[in-house]
Amino acid sequence: MSGVTTVSRPEPLPALLPHEPVPLPRRIGARALDCVLVFLLPPAQVIMLTRSTVAGLLLPLAFSLVIVAVVVTQSATPGQTMMGMRHVDVRSGRPSGGRTAVKYLLQGLAGALSLCVLPIVALAQAQPPFRRTWFDERTGLALIERAAPGSAPRTAPPGTQVATPTFAPPAAAAAAAAAVVPAVPGAPSVLAAPSAPADPATSVDRPAVATVLLDNGTQIAVTDPVVLGRDPVAPPSHPHARPVPVADAERSISKTHVLLAPAPGGVWVLDLHSTNGVRVLAGATGERTLDPAVPALVAGGTVVEYGERRFEVAG
């Protein structure tokens, strides 16, 4: 079956697939930092009033303006910003400071009217992995980790099982070192990750395996995320993705161009903000250009063009 399909799941939405959700303990920690900042305001105001009445009266206004500025520019509260988090739009995957400000305005009003009961109940009832509360759903947001380049992925607390989409495989699978299988003379080379004997107790959540055929004759076994480009590096969202350099004399492809990840019946394809883009050539349905940072599920038998190079997803 050829063609390209998009994800249709209530959560996570397609734009959230490249992002890492924030574990509940870290969310609570960020909220605790915000509370500390608020609790520091009254004693600071008392100190200011002893020195200047005007300065003491203006301090709460200045404090509020600083908080709003942080929320709008960082798409996160000060506590979340200090702990490396931010909110993104669930449709585009991009930060949205304005919606974040609206979310906390609604949450603040609900907390004031319920003595903080409603925000606590909303967080307790939110479902993993992204734990989107009622306030997140009303504003179309999700709280994610703001990963730094080269940083190691965070893991869930011991004993906690987080529902992770296939696009972001378990850390154990992603951390497996890649192996290059020597090619038989006259046959294309095959790049594959090392395999281990199947264990029914641990292979339940093992991601699907797909094969991609590059236009230079190389076959890639996509058992975990793979990055293609002239000199690719793993993106922050998948720091253990396997880089596969592709020679391109015309320099039509970017250094880090496209991410591939296994999916049932095909592969996830994600344009990593490349210069010349990624296009899906889906036969009768015509050519489709993928939006950067928005993954698409490409079925077997489909040809994908990145820059002036191509690969085919084996059917």
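For the structure, check the block above.
Described in the following lines is the structure provided in the data block. (Residues numbered from 1 in each chain as written. Predicted model: local features only at pLDDT ≥ 70, side-chain atom pairs only at ≥ 80, totals over all residues. Heavy atoms only, no water.)

Structural notes on the side chain of Thr139
Part 1 of the argument: Position of Thr139 among the secondary structure elements: in helix H6 (residues 134-139).
Part 2 of the argument: Among the residues examined, Thr139 registers a relative accessible area of 9% and is labelled buried.
Part 3 of the argument: Setting aside anything within four residues of it in sequence, one finds Thr139 in contact with Arg99, Val102, Lys103 and Leu106. (Helix = DSSP H or I, 4+ residues; strand = E, 2+ residues; numbered from the N terminus. Buried < 20%, exposed > 50% of the residue type's maximum accessible area, 1.4 Å probe, protein only. Contact = heavy atoms within 4.5 Å.)

Section: helix H1 (residues 24-51)
Part 1 of the argument: The end-to-end C-alpha separation of H1 is 42 Å, in line with the 40 Å expected for 28 residues at 1.5 Å each.
Part 2 of the argument: The largest bend in H1 comes to about 30 degrees, at Leu41, with the proline Pro42 one to four residues further on.
Part 3 of the argument: Three or more residues of H1 are buried, namely Arg26, Arg27, Ala30, Asp34 and Leu41.
Part 4 of the argument: Of the surrounding elements, those touching the buried residues of H1 are helix H2 (53-74), helix H3 (78-82), strand E2 (85-89), helix H5 (117-125), H6 and strand E3 (141-145). (Expected span 1.5 Å × (residues − 1). Bend = angle between axes of the 7 residues up to and from the residue.)

A short note on the nonpolar core
Part 1 of the argument: With 23 residues, the main nonpolar core has Leu214, Leu228, Leu260, Val269, Tyr306 and Phe311 as its most contacted residues.
Part 2 of the argument: Among the elements that take part in this core, strand E6 (residues 210-214) stands out by supplying 3 residues, more than any other.
Part 3 of the argument: Among all residues touching Leu260, those that are not within four sequence positions of it are Val212, Val222, Asp224, Pro225, Val226, Leu228, Trp268, Val269 and Phe311. (Core = buried A, V, L, I, M, F, W, Y, C linked by side-chain atoms within 4.5 Å.)

Details of the state of the cysteines
Part 1 of the argument: This structure, assessed with the given rule, holds 0 disulfides.
Part 2 of the argument: The thiol sulfur of Cys35 is not disulfide-bonded, and the nearest other cysteine sulfur, from Cys116, lies at 7.8 Å.
Part 3 of the argument: With a relative accessible area of 35%, Cys35 lands in the partly exposed category.
Part 4 of the argument: Residue classification places Cys116 among the partly exposed residues on the basis of a relative accessible area of 47%. (Disulfide = S-S within 2.5 Å.)

A closer look at the packing of aromatic side chains
Part 1 of the argument: In this structure the tally under the stated criterion is 2 aromatic pairs.
Part 2 of the argument: Ring geometry for Trp134 versus Phe135: centroids 5.2 Å apart, planes at 90 degrees, classification edge-to-face.
Part 3 of the argument: The exposure class of Phe135 is buried, given its relative accessible area of 4%.
Part 4 of the argument: Aromatic pair Tyr306 and Phe311: ring centres 5.6 Å apart, planes at 50 degrees, arrangement tilted. (Phe/Tyr/Trp six-rings, centres within 6.5 Å; stacked < 30°, edge-to-face > 60°.)

Some details on helix H4 (residues 97-114)
Part 1 of the argument: Counted at 1.5 Å a residue, the expected span for H4 with its 18 residues is 26 Å, and the 26 Å between its end C-alpha atoms agrees.
Part 2 of the argument: For H4, the set of buried residues is Gly97, Thr100, Lys103, Tyr104, Gln107, Ala110, Gly111 and Ser114. Buried residues of H4, viewed axially, fall in a sector of 145 degrees; they line one side. Facing away from the buried surface of H4 by more than 90 degrees, the exposed residues are Leu105, Ala112 and Leu113.
Part 3 of the argument: Where H4 terminates, the next one or two residues include Leu115, which has phi positive at roughly 55 degrees. (Arc of directions from axis to C-beta.)

Some remarks on the environment of Ser254
Part 1 of the argument: Among the structural elements, Ser254 can be located in the loop between strand E9 (242-245) and strand E10 (258-263).
Part 2 of the argument: The exposure class assigned to Ser254 is buried, which follows from its relative accessible area of 11%.
Part 3 of the argument: With 22 residues separating them along the chain, Ser254 and Asn276 place their C-alpha atoms 7.6 Å apart.
Part 4 of the argument: One polar contact links the side chain of Ser254 to the main-chain amide nitrogen of Thr275, over a distance of 2.9 Å. (Polar contact = N/O pair within 3.5 Å; in protein donor to acceptor, adjacent residues only side chain to side chain.)

Notes on the pattern of salt bridges
Part 1 of the argument: Scanning all chains against the criterion turns up 6 salt bridges.
Part 2 of the argument: Arg26 is the partner of Glu145 in a salt bridge, and the nearest nitrogen-oxygen pair spans 2.8 Å. Taken as a pair, Glu145 in strand E3 and Arg26 in helix H1 lie far apart in primary sequence, 119 residues in all.
Part 3 of the argument: Judged by relative accessible area, which is 4%, Glu145 ranks as buried.
Part 4 of the argument: Residue Arg26 is classed as buried on the basis of its relative accessible area of 18%.
Part 5 of the argument: Look at the salt bridges and you will find they share partners, linking Arg279, Glu305 and Arg310 into a network. (Salt bridge = Lys/Arg side-chain N within 4 Å of Asp/Glu carboxyl O.)

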